Amino acid sequence: WSAKKYNPQVLLTYAADVLAIILSFVAAFWLRFSYFTPPRGIPPVDEYAKALFVVVITYVWVFRSYGVYQMGRYTRRVEEIFTLLKGIAIGTIILTALTFFYRGFSYSRLFLVFLWFFASIIVSLVRYLLIQWMYHQRIKSKGIRKVLVVGANRNARILIEWTRQNPHLGYEVTGVLVQEPDLAGKH
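Residues numbered from 1 in each chain as written. Predicted model: local features only at pLDDT ≥ 70, side-chain atom pairs only at ≥ 80, totals over all residues. Heavy atoms only, no water.

Undergrad: So what about the side chain of threonine 58? Which residues, and what values?
TA: Inspection of the secondary structure puts threonine 58 in helix 2 (residues 45-65). Ignoring any residue separated from it by four or fewer positions in sequence, one finds threonine 58 in contact with Gly91, Ile94, Leu95 and Leu98. (Helix = DSSP H or I, 4+ residues; strand = E, 2+ residues; numbered from the N terminus. Contact = heavy atoms within 4.5 Å.)

Undergrad: Mind laying out the side chain of threonine 13, listing which residues take part and the relevant values?
TA: Relative to the helices and strands, threonine 13 is located in helix 1 (residues 8-35). For threonine 13, a relative accessible area of 9% gives the class buried. Within the structure, the side chain of threonine 13 is placed 2.7 Å from the backbone oxygen of glutamine 9, a separation counted as a polar contact. Those residues in contact with threonine 13, other than ones at most four positions away along the chain, are Tyr69, Arg127, Leu130 and Met134. (Buried < 20%, exposed > 50% of the residue type's maximum accessible area, 1.4 Å probe, protein only. Polar contact = N/O pair within 3.5 Å; in protein donor to acceptor, adjacent residues only side chain to side chain.)

Undergrad: Just give me the short version of the packing of helix 2 against helix 3 (residues 77-101), but keep the residues and values in it.
TA: Direction vectors running N to C along helix 2 and helix 3 enclose 135°, while the axes themselves pass 9 Å from each other. By the angle class used here, helix 2 and helix 3 are oblique. Helix 2 and helix 3 meet at a crossing whose hand is right-handed. Where helix 2 abuts helix 3, its residues Val54, Val55, Thr58, Tyr59, Trp61, Val62 and Phe63 lie against Leu84, Gly87, Ile88, Ile90, Gly91, Thr92, Ile94, Leu95 and Leu98. Of the residues contributing to the contact of helix 2 with helix 3, the split by class is 12 nonpolar, four polar and no charged. (Axes fitted to C-alpha atoms, helices over the stretch in contact; angles between N-to-C directions. Parallel < 35°, antiparallel > 145°, perpendicular 65-115°, else oblique. Left-handed = near helix turned anticlockwise from the far one by under 90°. Nonpolar A, V, L, I, M, F, W, Y, C, P; charged D, E, K, R; others polar.)

Undergrad: Describe the environment of threonine 37, listing the residues and the values that go with them.
TA: One can find threonine 37 in the loop between helix 1 and helix 2. Threonine 37 sits in the partly exposed class, given a relative accessible area of 42%. In this structure, threonine 37 is in contact with Arg32 and Ile42, ignoring residues within four places of it in sequence.

Rendered as structure tokens:
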């Protein structure tokens, strides 16, 4: 991971997702083995602690394959949450499949259901709050990208209006470049 490739917002998003996955894992473990204790008793915590690493890697890998860590990817919040929910579902299916192939320990399938449930809620909530915070930072002029629009046609006017209506996306049109001198300063 080179410093040039990942900026602080991307690293913050990775860290927030990892934290949310860990919280989901702990909540699923607590619910599964506090209220739904199996007849054999509570399994060794260290076996589940080892699995936590695989769980985090799996979810982050799936999220990354869905492109949720790409900079400049401005989607609506609801689309971002639905993408994460799809990623959580796929990640949970992968983890469930892995439990069938791994014979060193028998992991609870009910735990995986609880993990899916808590991850869906906690990861979505954390990501929503992070998006809101990033939007707020952009509105406060932190991280604003200055844009020069080339051309003065209808599409340029739509783009300028769009940036004014969506300041949370972090773009500010500073000028319009036109070839015709008579268009200078008209809009």
